[in-house]
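Notes for the structure review
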Amino acid sequence: MLMLNKTDLDPPSFILNGVPGLEDIHVWISLPFCFMYAVAVVGNCGLLYLVCYEDALHKPMYYFLAMLSLTDLVMCSSTIPKALCIFWFHLKEISFVECLVQMFFIHTFTGMESGVLMLMALDRYVAICYPLRYSTILTNPVIAKAGLSTFLRGVLLIIPFTFLTKHLPYCRGNVIPHTYCDHMSVAKLSCGNIKVNAIYGLMVALLIGGFDILCITISYTMILQAVVSLSSAEARQKAFSTCTAHICAIVFSYSPAFFSFFSHRFGGHTIPPSCHIIMANIYLLLPPTMNPAVYGVKTKQIRDCVLRILSSPKDTKSHSI
């Protein structure tokens, strides 16, 4: 029997096929993607600038928001530039190593996004339920350790993805019907046993997403109990308003994720593959696009900082005259 070397079954590169079935309108699909990506980059860079240089925003809530913005930037930048190259220039080839690196960044920072949203829920819980101890509980070292732990959790859980995928034999072609290197999309090109990949992927989803959603649910249950017990209607409204932006961020992040998860498992034969791929991209693009807008509109301190920066040139000009 002819024995093939493992290295002979590793493709030198993959072909990312974009959105199969919609090749004729790739340029039109790229327009909203490009617009949303530009808004995401400008908005999140703006938030990072404000948190870094505005003293009024040097508070735990805004440090967590800066973590979310940085995570969003990496998450969407890992996929959208390559997708636009596919749509505009037909640059579909990606090396095997680049594919593994992209896979690592995508899955690590989607896990990081979920973890930061969980930390922000805990932040709101402490702010509303223990307002007098807020600054002593959420000190800068605690915030740094929480952010680092969330990042390391993602790294340590995602590294096995790359090793499992790297050591698979590939003999079913090298065309990936996607705009980026998703773990299972790559694994399905293998002629080896990918049951371990599928089981481990589900375990990681439950360990990260399931744990974070549980913590968010518990936090908001306790927040709701604390707010309802307040005697003043104005105090209740003020407490709820501090959570509005975060709740919107949770909806924007988890809604596309839930759609992708359940549609793959229960609607795989009724929902066209192109819809799955577009939703997978929206899952990575919608939160980075909407989070800066939501926090900019819903958070008074951020609005005040933006208005002060926008009005300062006019003020300087009027004084010089």
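About the criteria used
- Residues numbered from 1 in each chain as written.
- Predicted model: local features only at pLDDT ≥ 70, side-chain atom pairs only at ≥ 80, totals over all residues.
- Heavy atoms only, no water.
- Pairing = 2+ DSSP bridges.
- Helix = DSSP H or I, 4+ residues; strand = E, 2+ residues; numbered from the N terminus.
- Contact = heavy atoms within 4.5 Å.
- Axes fitted to C-alpha atoms, helices over the stretch in contact; angles between N-to-C directions.
- Expected span 1.5 Å × (residues − 1).
- Bend = angle between axes of the 7 residues up to and from the residue.
- Parallel < 35°, antiparallel > 145°, perpendicular 65-115°, else oblique.
- Left-handed = near helix turned anticlockwise from the far one by under 90°.
- Nonpolar A, V, L, I, M, F, W, Y, C, P; charged D, E, K, R; others polar.
- Salt bridge = Lys/Arg side-chain N within 4 Å of Asp/Glu carboxyl O.
- Buried < 20%, exposed > 50% of the residue type's maximum accessible area, 1.4 Å probe, protein only.
- Disulfide = S-S within 2.5 Å.
- Core = buried A, V, L, I, M, F, W, Y, C linked by side-chain atoms within 4.5 Å.

For the rest of this paragraph, the subject is the pairing of strand 1 (residues 13–16). In this structure, strand 1 lies alongside strand 2 (residues 93–95), joined through three bridges in antiparallel fashion. Counterpart to I15 in the pairing with strand 2 is E93.

Let us now look at the sheet that holds strand 2. Read from one edge of the open sheet, three strands run 2-1-3, paired in mixed fashion. Every interior strand has two partners, whereas the edge strands, strand 2 and strand 3 (175–176), have only one. Its contacts with the sheet place helix 4 (residues 96–129) against strand 1, strand 2 and strand 3, and it is angled at close to 85° to strand 2.

Below, the discussion takes up helix 10 (residues 273–298). Since one α-helical turn is 3.6 residues long, residues separated by three or four positions face the same way. Taking 1.5 Å of rise per residue, the 26 residues of helix 10 would be expected to cover 38 Å, and the 36 Å separating its terminal C-alpha atoms lies within 8% of that figure. In the structure, helix 10 departs most strongly from a straight axis at L285, where the bend amounts to approximately 35° and where the proline P287 lies between one and four residues downstream.

Time to look at the packing of helix 2 (residues 60–77) against helix 4. Interhelical geometry of helix 2 versus helix 4 gives an angle of 165° and a closest axis separation of 9 Å. Accordingly, the angle class assigned to the pair helix 2 and helix 4 is roughly antiparallel. As for the relative orientation of helix 2 and helix 4, their crossing is left-handed in sense. Facing helix 2, whose interface residues are P60, M61, F64, L65, M67, L68, T71, D72, V74 and M75, helix 4 presents F105, F109, T110, M112, E113, V116, L117, L119, M120, D123 and R124. Grouping the amino acids of the contact of helix 2 with helix 4 by side-chain chemistry returns 15 nonpolar, two polar and four charged.

Going through the model one piece at a time under the given rule, you end up with four salt bridges. E54 is the salt-bridge partner of R308, the closest N and O atoms lying 2.4 Å from each other. Here R308, found in helix 11 (residues 300–320), pairs with E54, found in the loop between helix 1 (26–53) and helix 2; they are 254 residues apart in sequence, far enough to count as distant. For R308, a relative accessible area of 42% gives the class partly exposed. Here R153 makes a salt bridge to D212, at a shortest N to O gap of 2.9 Å. Placement of the pair is R153 in helix 6 (residues 140–166) and D212 in helix 8 (residues 195–228), with a sequence separation of 59 residues.

It is worth spelling out the state of the cysteines at this point. For the structure shown, the criterion picks out two disulfides. In this model C99 forms its disulfide with C181; the gap between the sulfur atoms is 2.0 Å. Judged by the torsion about the S-S bond (-120°), the C99/C181 disulfide is left-handed. Highlighted residues: C99 in helix 4 and C181 in the loop between strand 3 and helix 7 (183–187), separated in sequence by 82 residues. Taking relative accessible area as the criterion, C181 reaches 0% and is therefore assigned buried. Across a sulfur-sulfur distance of 2.1 Å, C171 and C191 are joined as a disulfide pair. With a gap of 20 residues between them, C171 in the loop between helix 6 and strand 3 and C191 in the loop between helix 7 and helix 8 connect regions that are remote in the sequence. On the basis of relative accessibility, which here comes to 44%, the residue C171 falls in the partly exposed class. With no disulfide of its own, C215 lies 15 Å from the sulfur of C129, the closest cysteine sulfur.

The next point concerns unusual backbone geometry. In the Ramachandran plot, H90 falls in the positive-phi region, its phi being about 55° despite a non-glycine side chain. Mapped onto the elements, H90 comes out in the loop between helix 3 (80–89) and strand 2.

Attention shifts here to the nonpolar core. Counting 49 residues, the largest nonpolar core has L65, L117, M120, I216, Y295 and I302 as its most contacted members. Of all elements in the fold, only helix 1, helix 2, helix 4, helix 6, helix 8, helix 9 (233–266), helix 10 and helix 11 reach the threshold of two or more residues within this core. One finds I80, A83, L84 and I94 within the second-largest nonpolar core, a separate group that totals 29 residues.

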